[in-house]
Structure formats: C-alpha cells, structure tokens
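# Residue-level structural notes
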Amino acid sequence: KIFMKFGYCFWDDSRYLLCRSSRAFPVWQNLTDLGMPILVAHCTGDAARRLEALPLAEAADEALQVHMTGWLSDPKFRGAYSFLPTGTPRTIFDELGTPHGRVHFAGEACHPRYSGFMHGALLSGLSAAQAVASELHRH
C-alpha cells in the first residue's frame, strides 16, 4: 500500500475508487474520514513484489503517474466545453438530450449534474445507448 496525503481533497466521498487503467494500483481507498485528504493505493501480486523492491520515491512516482491532455491546443476542441449561464432552467439538459427521430444526443452538455465534465459525457452516453438498445429491442 502507498499512503498519500494531499493538500486538499480533489475526489468524491466514495470509500473505494477503482482505476481500470492501472494494473499496479487498481483500487484506491479514500481515508478522508480520518480528517485529512489521504488516499491509499492498493497493489497486489507481481506488481506489489516489483514495487516493494523499488525505492519509495520511485514507487510513489509510479502511483502518481499523470496524463495531461492538450485540450486547448487540440484542433478538434480548442478548449471548448458547454457553459450555461446562471439562471438557465434545469430543463435545458433534457431538451439538449431529447432524441429527434432515430438520432439520439449525448455529451457533457446533456447531463444535469456533471455538465462540462468528462464523466457527464460518459453518463449521458450510457443513457443514450440504453435508450437506443431499448428501441432496437422493441423492433
């Protein structure tokens, strides 16, 4: 296990966080109930044996690998995401995600809680996919 204390809590209040993209650290445990912003990276099996042989700094670096996107410089996006001004009615999310005939819409702009965030895009995409699957099943 690698215990990491941060300057602030940047994650939600879930007790366990699963990371499918990390073979070495598939499970992270939230210990903020101790009154400090602490995450524990759990490592098992061959990955644990390999990491335990490393100096602490190298093992910590591996746990905290960072990937940064070029959202602003990507010519497909140029840093854009949806923005709704204060006072916009919450019904706008349903309106944006309303299917038109056989065309279904999804994306971060269509999610009422996570508008403007990647997980909003994922959740609205899953919802749209379920709607399409239900329609296909009926026919």
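Structure report, in brief. In this text the structure is predicted, and so the values were computed from the model without any measurement. Residue numbers here run from 1 along each chain, matching the order of that chain's written sequence. Thresholds applied to this predicted model are a pLDDT of at least 70 for local features of residues and 80 or more for the giving and counting of side-chain atom pairs; totals over whole chains, interfaces and linings are not thresholded and use all residues. Water and hydrogen atoms were dropped before computing side-chain values, which therefore reflect all heavy atoms in the structure.

### Details of the environment of I38
The topology assignment puts I38 in strand β4 (residues 38–42). For every residue, the accessible area obtained with a 1.4 Å probe (protein chains only) is divided by the maximum for its type, and the residue is called buried under 20%, exposed over 50%, and partly exposed between those limits. On the accessibility criterion, I38 (11% relative accessible area) is buried. A sequence separation of 34 residues divides I38 from M4, and the C-alpha atoms of the two residues are 5.5 Å apart. Contacts are residue-level and defined by heavy atoms, with any inter-residue pair within 4.5 Å sufficient. In this structure I38 touches M4, K5, W11, Q29, N30, L31 and T32, once residues within four positions along its chain are discounted. Helix numbers and strand numbers start at the N terminus; a helix is a DSSP run of H or I with at least 4 residues, a strand a run of E with at least 2.

### Side note on the packing of aromatic side chains
Ring pairs are drawn from Phe, Tyr and Trp, using the six-membered ring of Trp, whenever the two centres fall within 6.5 Å, and their geometry is named by plane angle: stacked under 30 degrees, edge-to-face over 60, tilted for the rest. Overall, the coordinates contain four aromatic pairs when judged by the stated rule. Geometrically, the ring pair formed by Y8 and F10 is edge-to-face, given 6.2 Å between the ring centres and 70° between the ring planes. Aromatic ring contacts, followed pair by pair, group F6, Y8, F10 and W11 into a single cluster.

### Notes on a nonpolar patch on the surface
Exposure above 30% relative accessible area and no salt bridge define the residues that can form patches, which grow by joining like charges within 9 Å and nonpolar side chains of Val, Leu, Ile, Met, Phe, Trp and Tyr within 5 Å. Calculation of accessible area relied on Shrake-Rupley with a 1.4 Å probe; when residues are assessed, cover is drawn exclusively from the protein chains displayed. Take a side-chain nitrogen of Lys or Arg and a carboxyl oxygen of Asp or Glu: if they are within 4 Å of each other, that pair is a salt bridge. Residues M118, L122, L123 and L126 make up a contiguous nonpolar surface patch of roughly 400 Å² in combined accessible area. Mapped onto the fold, L126 is located in helix α4 (residues 118–138).

### Digging into α4
Helix span, as expected, comes to 1.5 Å for every residue beyond the first. Taking 1.5 Å as the rise per residue, α4 with 21 residues should run 30 Å; its terminal C-alpha atoms sit 31 Å apart, in good agreement. Buried within α4 we find G120, S124 and A128. Axial view of α4: buried residues confined to an arc of 55°, hence all on one face. Residues of α4 that are exposed and angled more than 90 degrees away from the buried face: M118, Q130, L136 and H137. When we speak of the arc, we mean the arc of directions from the helix axis to the C-beta atoms.

### A few points about the pairing of β4
Both faces of the sheet carry side chains from a regular strand, because those side chains alternate between them. Across the five residues of β4, five count as buried, placing the element largely inside the fold. What you see with β4 is no split at all: I38, V40 and H42 on one side and L39 and A41 on the other are buried throughout. As defined by bridge partners, strand β1 (residues 2–5) adjoins β4 across four bridges and the pair is classed as antiparallel. Counterpart to M4 in the pairing with β4 is L39. If DSSP finds at least two bridges between two strands, the strands pair. For strand β3 (residues 27–30) and β4, the ladder comprises four bridges, and the chain directions are antiparallel. If you follow N30 over to β4, its bridge partner there is L39.

### Comments concerning the nonpolar core
Put simply, a nonpolar core is a bunch of buried Ala, Val, Leu, Ile, Met, Phe, Trp, Tyr and Cys residues held in one set by side-chain atoms that sit within 4.5 Å of each other. Ranked by internal contacts, the top residues of the largest apolar core, which has 13 residues, are I2, M4, F25, W28, A41, L51 and A63. At the level of elements, β1, β4, α1 (45–52) and α2 (56–63) are the ones that each hand at least two residues to this core. Apart from the residues lying within four places of it in its own chain, the contact partners of A63 are I2, M4, F25 and W28.

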